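Analysis of the macromolecular model
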Amino acid sequence: MTDTLNMRDRIVGLDRPVPLLDGSSVPYVNLDNAASTPALKDVAEAVERFLPYYASVHRGTGFKSRLSTVAYEQAHEIVARFVGADLRTNTVIFGKNTTEAVNKLSYRLQMAPGAVVITTHLEHHSNDLPWRNHARVVHVKATPEGRLDEDDFDRQLAAHAGRIGLVTVSGASNVTGFIQPIHRLARKAHAAGARILVDTAQLAPHRRVDMKPDGDPEHLDFVVLSAHKMYAPFGTGALVGPQEVFLHSGPEYPGGGTVEVVTLDEVHWAGEPDRDEAGSPNVVGAVAMAAAAQALMQVGMDRIAAHEEMLTAYALEKLGAIPGLRIYGETDPARAGEKVGVIPINLADTSHFLVAAVLGFEGGIGVRSGCFCAHPYVVHLLHLNAEQAATWRQQMLSGNRSHMPGMIRISFGCYSNTDDVDRCVAMLDRIRRRDYRGDYRLEMHSGEYLPANYREQLGDYFLLEPQR
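To start, this report covers the structure provided alongside it. Computed from a predicted model, the values in this text were never measured in an experiment.

With that settled, the discussion passes to the pairing of strand β17 (residues 407–411). Consecutive residues of a regular strand have side chains that alternate between opposite faces of the sheet. Most of β17 sits inside the fold, with five of its five residues counted as buried. By the alternation rule, side chains of β17 split into Met407, Arg409 and Ser411 and Ile408 and Ile410, which are all buried. Where strand β14 (residues 342–347) lies against β17, four bridges are found, and the strand directions are antiparallel. When the bridges of β17 are listed, Ile345 appears paired with Ile408. Examined bridge by bridge, strand β16 (residues 368–370) and β17 share three bridges and lie antiparallel to one another. Counterpart to Arg368 in the pairing with β17 is Arg409.

Take a look at the structure:
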């Protein structure tokens, strides 16, 4: 099968050799892109060009401050363009990541007493837990295979009509990769008199995000996204939404940069986004995020989506041929376009923690295992009954993670290719046959498996201080 996109020359650190348990080295295969992507060279080069001119922003009178201010303001404009936001009525607020962006909105969005927030069983904890502090949260069900139950979505909208403070959904699941029908959900939410937030942390690196014009029934009122998932790991995320929502009140974090005038008795808040970007901002992170957005737009999100669909179909076919391997969510290669490149799996009778450990220590392959900060969704996909789920919770709370349920997650970036899939499939088949060398010991408190009597020489690669 021919790869339809070649991004490998644009990724920092790709194919960097890493050590294996037997003392040899192999080029690293990163299949943990759903957690964080590597940096684009476009991003690293933009940061390198900018750093000699980096200085304080907004009030400095020197040349470097003026240049940094312009770069920071341009970053807001580029991120707005990346998601299709109109800055005449909307604002882009930079913060650390998507989690902080959702939390910010949970404090800044004014909701009536008794308001209901409608979310789904598919959500990352970051698009669920923040709302529990401010409203009653209602979770729309998932189907047995893990898709959104849209009939239940409609029922919840009808049941809570007139009391909905917000509808909040993920653009794509970080567990199964299922893509939500966000514009159709937006139309339904608006018809019920509610605004909608879309968590695009998992969607934005893989598909075009279009908020659509403000008056469009399918307009996305709020969007949140993270730079570290879109090839710019420099500590920035963004919240995009209507200016008027944030101008109604003061920020949850007051301080430097958030005001126009302060007296001993009065505070006059600044406009947006300054009001909600307290303190000295992460200018370098904003430049990096904007550079990543520019690069992705230049490559073309449609091209990235086509490549990913091909690769996901290829992976589903290859993984499906391994005896005893179970794929959760979509398993049909012909429907690969309905999800982003995230594939959760398990090997029969083998701990997901052990599989991930062997892939890493003996295959040089990075994946993730566990519940992926989406415990209710993973429990649903694993079809655990109430008694099983309760037993697991009790064990976890007592400090024993050795029986923690979960999966192994394989996730692609725009640079991933069929060779990466083939290496992973070959290693999974070896693990299935118990063809690995290490004597792995279970760490009860973490649930992880580590090879006995093995000490990694991390200092040979990078550490800020030598190992002791």
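Moving on, we come to the sheet that holds β16. Spatially, the four strands line up as an open sheet ordered β13-β14-β17-β16, and their pairing is antiparallel. Looking along the sheet, the strands with just one partner apiece sit at the ends: β13 (325–327) and β16. Strand-to-strand twist in this sheet, taken as the mean axis angle between neighbours without regard to direction, amounts to 30°. Sheet strands touched by helix α9 (residues 301–320): β13, β14 and β17. Its angle to β14, the strand with the most contacts, is close to 10°. Its contacts with the sheet place helix α13 (residues 418–432) against β13, β14 and β17, and it is angled at close to 20° to β14.

A separate point is the sheet that holds strand β7 (residues 164–170). Strand pairing in a sheet relies on backbone hydrogen bonds, with the paired strands running either antiparallel or parallel. Strand order in the open sheet formed by seven strands is β4-β10-β9-β8-β7-β5-β6, with mixed pairing between adjacent strands. Unpaired on one side and paired on the other, β4 (90–95) and β6 (136–140) mark the two borders of the sheet. This sheet shows a mean twist of 20° between the axes of neighbouring strands, independent of strand direction. Sheet topology note: the β7/strand β8 (residues 196–199) ladder contains four bridges and is parallel. Bridge pairing in β8 links Thr168 to Leu197.

Our focus in this paragraph is empty space enclosed by the protein. Throughout the structure, instances matching the rule amount to two cavities of 30 Å³ or more. Taken as a whole, the largest cavity spans an internal volume of roughly 50 Å³. Taken together, Thr120, His121, Glu123, His125, Asp128, His139 and Pro376 form the lining of the largest cavity. Grouping the amino acids of the lining of the largest cavity by side-chain chemistry returns one nonpolar, four polar and two charged.

With respect to the helices and strands, Arg147 occurs in the loop between β6 and α5 (150–159). Apart from the residues within four sequence positions on either side, Arg147 is in contact with Leu122, Lys141, Ala142, Phe178, Glu330, Arg335 and Glu338.

Rules used in this analysis
- Residues numbered from 1 in each chain as written.
- Predicted model: local features only at pLDDT ≥ 70, side-chain atom pairs only at ≥ 80, totals over all residues.
- Heavy atoms only, no water.
- Buried < 20%, exposed > 50% of the residue type's maximum accessible area, 1.4 Å probe, protein only.
- Helix = DSSP H or I, 4+ residues; strand = E, 2+ residues; numbered from the N terminus.
- Pairing = 2+ DSSP bridges.
- Axes fitted to C-alpha atoms, helices over the stretch in contact; angles between N-to-C directions.
- Contact = heavy atoms within 4.5 Å.
- 1 Å grid on protein atoms, 1.4 Å probe; cavity = no way out; pocket = protein on both sides within 12 Å on 5 of 7 lines; lining within 4 Å.
- Points joined across faces, edges and corners; volume = space filled by probe spheres on them.
- Nonpolar A, V, L, I, M, F, W, Y, C, P; charged D, E, K, R; others polar.

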